[in-house]
Every structure is written in structure tokens, then in C-alpha cells.
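Results of the structural survey
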Amino acid sequence: MIRTKAYAAQKPSAPLAPWEFDRRDPGDKDVLIDVTHCGICHSDIHQVRDEWGGATFPMVPGHEIVGRVSKVGAKVTRFKVGDLAGVGCMVDSCRDCAPCRKGLEQFCAKGAAFSYNSTEMDRKTPTYGGYSNRIVCDEAFTLRIPAGLDPAGAAPLLCAGITTWSPLRHWKAGKGTRLGVVGLGGLGHMAVKLGAALGCEVTMLSTSPGKEADARRLGAAAFALTKDPETFKKLAGRFDLIIDTISAPHDYNAYLSMVAVDGAMVVVGVPPAPAPVHAFALIGGRKTLAGSLIGGIAETQEMLDFCGKHGIVSDVEVIPMSKVNEAYERTLKADVRYRFVLDTSTI
Ligand SMILES: [Zn+2]
Ligand SMILES: [Zn+2]
């Protein structure tokens, strides 16, 4: 077994604190990664606090994991020692159901093995995430991080990046697509960068006037203030695609009014309560209201390769592990531009 140092929560109300556990020795198809960086995703906080129910403890969060390969199993073909590698939200799936066969492992009919607060596919062995100094993962679920990308900035691509990339690709965003991005946070800033690099005409839809300069720096061609009711009138029917990253309660109907005929609004944020949608908001314009969850492994690699080609990483604030609890509080206050990344060498 491989002794692993980590930060864990021992129960839902507990702060994260140092903890040690054993990971399995790498099997024939596994790679051992010495983790160097792990992003802090808002969903880490939800799960550590058991806000979605069913959480298991001790919990080692973290699913934006980047590090160096330090050992490979005998049958590993895609990685060698020294490679920069990543692990995202999943470490395995059944690999046999209809979604898995289509490369949609995140929707595995048997339930994917998520990187933490989950189990391996044996449904017994708990999974522990990237707030740790080592991880063992099957090479089929390990991502290649393109050379030239800053490892710290690349870490959030593994969740925030793919969460916004997947709907952009599924709804065929490209040159000339009028894209609205709702909310400039961890997800929103990646949607702007990726959308702009794909050739979309990006409009940032935000409640904070102070974020306009940043939105433009990230690639937005326009900025609109959603606190102003006039914005919704001015931009009625404007967007081919809206990516809605907001997790706070808000009126989907108002945002749908800005979607063009045959356009779509895709939600990737999760407000705490169900939100009413009026049928008229959809039928007047044959509009689609859809959702999207991370992305499959092949699509995640496609996104990383695209980011490698275009030099895209997340805007990050790198912090030592000892500041993780403080970073959680600041994340809840949206006091970060735009992602905290833990320097896991400081565990
Ligand atoms: Zn995440
Ligand atoms: Zn499956």
C-alpha cells in the first residue's frame, strides 16, 4: 500500500485537517501520480458540508488534480514516469453501458466512480480526492496535461474547464455564435475564455459592474448588467447559446427571453431550490432549456489539448494547504479571481 498524506474532513461540520491513509499499489493499468496542485471547486464545499446528502467521512475532497507520474503499471501504454498528468471528477466507470460506450462516462448507468465521496466500481472501496500528495488512477481515466501549460492554472480545467467546454461543444458553439455567459466566477471565467477561443461573440451577463474590465480581458466582446431590467429588453432574442453558471436563485424565464429562436440555455450551476419555468418562455421561439454535467474522458482530453494549443489556463490564486479552510470561506464570498489552487507539496 502507498502511504498518502492528505487533508480531510472527519465529519460534516469539521474543518479540513491533516490525515493519512493508504492508497492501493498501482496495478498493471494504473499510474501513480505525485500530486502537485489541486483546485478548490465549489462542489468540494457542498460535499464536505454534506449539503447534497449521503456524504461519507473521512472525506478527502479535490477533483482538479495535477501532478507528475512517478510510477506506471506493466501494461500502461499512454504514460511514462515524469509525465504531467491530471485526474478530474471521475476515476472509473462500468465502461460497458450505453453512455460509457458513447464516451459519456459521467452518465454511466451504474454510476461512475467519482474521485472522492464515492466508491470504486466495487462499490466498497472509498475514493479519496486530490487534497493529497499522491493518487493512483487507471490510465483510462488519467488525462495528459499538454506541455507548456502552467500546472497550477491547468488544474481547474479538469472540472471548471470541462464543465463549460462540454456544452459549448455539444451545442456546436463556434465562429460567430452569439454566446451569453451568466456569472463571472470559476465556471464563468472558463466559459468566456473557451467561448472566445472557439470564435464565439461572447457577452458577459453579470450582476457586478466591477467585473466588466475583467470580463473583457478574459475575452468577452460585450458586458451587460443583469441588475438592470432594461438589459433583458435590449438583449431579447439575442443569444444562440447561454451558459448559465449561477448557483444562487434566479429567474430562468428572464434569461430565456434573451435566447434566440432555436437557441438554448444550458444550466451548469445548481441553485438550492427548484426554479419555475413558464412554458411560454420556451414555446415562443422553440427554445431549449438544458443541463450539462462535466464531460466524458475523451472530451476532457480534447478540451485539454485545445487549451494546450491556445495557451488557455484558469486564473488562479495558489495557496498552501494550511489555508484551505480560509479559502473555503473566501470561495463562498466569491472573493477569488477565479479559482483557488492548493499547492499540495505543502501538505
Ligand atoms: Zn468541480
Ligand atoms: Zn457505464
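Look up: the structure comes first, before these words.
In this text, all values refer to a predicted model and were calculated from it rather than measured experimentally. Residue numbering note: each chain is counted from 1, following its sequence as written. In the order they appear in the text, chains get letters beginning with A and ligands get numbers beginning with 1. pLDDT decides what is reported in this predicted model: residues at 70 or higher carry local features, side-chain atom pairs at 80 or more are listed and counted, and totals for whole chains, interfaces and linings draw on all residues regardless. The side-chain quantities take in all heavy atoms of the structure and omit both hydrogens and water.

**Side note on the sheet that holds strand β15 (residues 288-291)**
- The 6 strands lie next to each other as β12-β11-β10-β13-β14-β15, forming an open sheet whose pairing is parallel. A single partner strand is all that each edge strand has here, and the edge strands are β12 (222-225) and β15. Looking at each pair of strands side by side, their axes are set apart by 20° on average, direction ignored.
- When DSSP locates at least two bridges between a pair of strands, those strands are taken to pair. Helix and strand labels come from DSSP, where a helix needs a run of H or I of at least four residues and a strand needs a run of E of at least two; each type is numbered from the N terminus. Note: strand β10 (residues 178-182) against strand β13 (residues 239-244), 4 bridges, orientation parallel. Of the residues in β13, the one forming a bridge with Val181 is Ile243. All axes are obtained by fitting lines to C-alpha atoms, using only the stretch in contact for helices, and the reported angles, taken between N-to-C directions, cover 0 to 180 degrees.

**A few points about the coordination of the zinc ion (ligand 2)**
- Because no water is among the atoms considered, metal sites can look incomplete, with donors defined as N, O and S atoms within 2.8 Å of the metal, or 3.2 Å for Na, K and Ca. Taken together, the protein ligands of the zinc ion (ligand 2) are Cys94 (SG), Cys97 (SG), Cys100 (SG) and Cys108 (SG), with distances of 2.3 to 2.4 Å.
- In short, tetrahedral needs four donors with all angles between 85 and 135 degrees, square planar needs four and octahedral six donors with opposite donors over 155 degrees apart and all other angles between 65 and 115, and whatever is left is irregular. In this structure, the zinc ion (ligand 2) is surrounded by 4 donor atoms whose angles at the metal cover 103 to 120°, and the resulting shape is tetrahedral.
- The sequence pattern describing where the donors of the zinc ion (ligand 2) fall on their chain is C-x2-C-x2-C-x7-C.
- Throughout this description, buried means an accessible area under 20% of the type-specific maximum (1.4 Å probe, protein chains only), exposed means over 50%, and partly exposed covers the range between. Looking at Cys97, the relative accessible area reads 12%, which means it is buried.

**Focus: the pairing of strand β5 (residues 84-87)**
- Of the two faces of β5, both are covered, the one formed by Leu84 and Gly86 as well as the one formed by Ala85 and Val87.
- Note: strand β4 (residues 65-72) against β5, 4 bridges, orientation antiparallel. Looking at β5, one finds that Gly67 is bridged to Ala85.
- Where β5 meets strand β9 (residues 143-144), 2 bridges bridge the pair, whose relative direction is antiparallel. For Gly86, the partnering residue across the bridge sits in β9 and is Leu143.

**Side note on helix α10 (residues 297-310)**
- Each residue after the first adds 1.5 Å to the expected span of a helix. With 14 residues, α10 ought to run about 20 Å at 1.5 Å a step, and its terminal C-alpha atoms sit 20 Å apart, in line with that.
- The set of residues buried in α10 consists of Ile297, Glu299, Thr300, Gln301, Met303, Leu304, Phe306 and Cys307.
- In this fold, the buried residues of α10 make contact with β6 (90-92), β9, α4 (160-170) and α5 (186-197).
- Backbone geometry just after α10 places Gly311 at a positive phi near 65°. The contact criterion used is simple: two residues touch if any of their non-hydrogen atoms lie within 4.5 Å.

**Things to note about unusual backbone geometry**
- Here the amide bond leading from Phe57 into Pro58 is cis, since omega sits at -5°, within 30 degrees of zero.
- Tracing the sequence through the fold places Pro58 in the loop between α1 (42-48) and β4.
- Omega for the peptide link from Arg337 to Tyr338 comes to -5°, which places this bond in the cis form.
- Note that Tyr338 resides in the loop between α11 (324-332) and β17 (339-343).
- Unusually for a residue other than glycine, Asn117 sits at a positive phi of about 55°.
- In this structure, Asn117 sits in the loop between β7 (113-114) and β8 (134-138).
- Notably, Ala334 is not glycine yet its phi reads approximately 55°, a positive angle.
- Among the structural elements, Ala334 can be located in the loop between α11 and β17.
- Exposure remark for Ala334: the relative accessible area of 53% places this residue in the exposed category.

**Section: the pattern of salt bridges**
- Just to be clear on terms, a salt bridge is a Lys or Arg side-chain nitrogen sitting within 4 Å of an Asp or Glu carboxyl oxygen. Tallied over the full model, the rule gives 24 salt bridges.
- Via salt bridges that share partners, Lys193, Asp214, Arg217, Asp315 and Arg337 belong to a single interconnected network.

**What about the packing of aromatic side chains?**
- Here is the rule: rings of Phe, Tyr and Trp (six-membered ring for Trp) pair when centre to centre is within 6.5 Å. Planes less than 30 degrees apart are stacked, more than 60 are edge-to-face, and the remainder are tilted. The final tally for this structure, using the stated rule, is 5 aromatic pairs.
- Taking the centre distance of 4.6 Å and the plane angle of 55° together, the rings of Phe21 and Tyr128 count as tilted. On the criterion of sequence distance, the pair formed by Phe21 in strand β2 (residues 17-23) and Tyr128 in the loop between β7 and β8 is long-range, its members being 107 residues apart. Accessibility classification places Phe21 together with Tyr128 in one group, the buried group.
- Here the aromatic rings of Phe232 and Tyr255 are separated by 5.2 Å at their centres, their planes lie at 85°, and the arrangement is edge-to-face. Remark: Tyr255 occurs in helix α8 (residues 252-256) and Phe232 occurs in helix α7 (residues 229-234); sequence separation between them is 23 residues.
- By relative accessible area, which is 8% here, Tyr255 ends up buried.
- Site record: aromatic cluster; members linked through ring pairs are Trp19, Phe21 and Tyr128.

**Side note on empty space enclosed by the protein**
- Whether a set of points on the 1 Å grid over the protein atoms alone is a cavity depends on a 1.4 Å probe fitting there but being unable to get out, while an open set qualifies as a pocket with protein on both sides within 12 Å along at least five of seven lines; lining residues are those with an atom within 4 Å of a point. Grid points are joined across faces, edges and corners, and a volume is the space filled by probe spheres set on the points. Per the stated rule, a full pass over the model turns up 1 cavity of 30 Å³ or more.
- Taken together, Gly88, Cys89, Met90, Phe141, Leu143, Leu158, Ile162, Ile294, Gly295, Gly296, Ile297 and Thr300 make up the lining of the largest cavity.
- Polarity classes work like this: nonpolar for Ala, Val, Leu, Ile, Met, Phe, Trp, Tyr, Cys and Pro, charged for Asp, Glu, Lys and Arg, and polar for all others, with Gly in that last group. Here the lining of the largest cavity is composed, by residue class, of 8 nonpolar, 4 polar and no charged.

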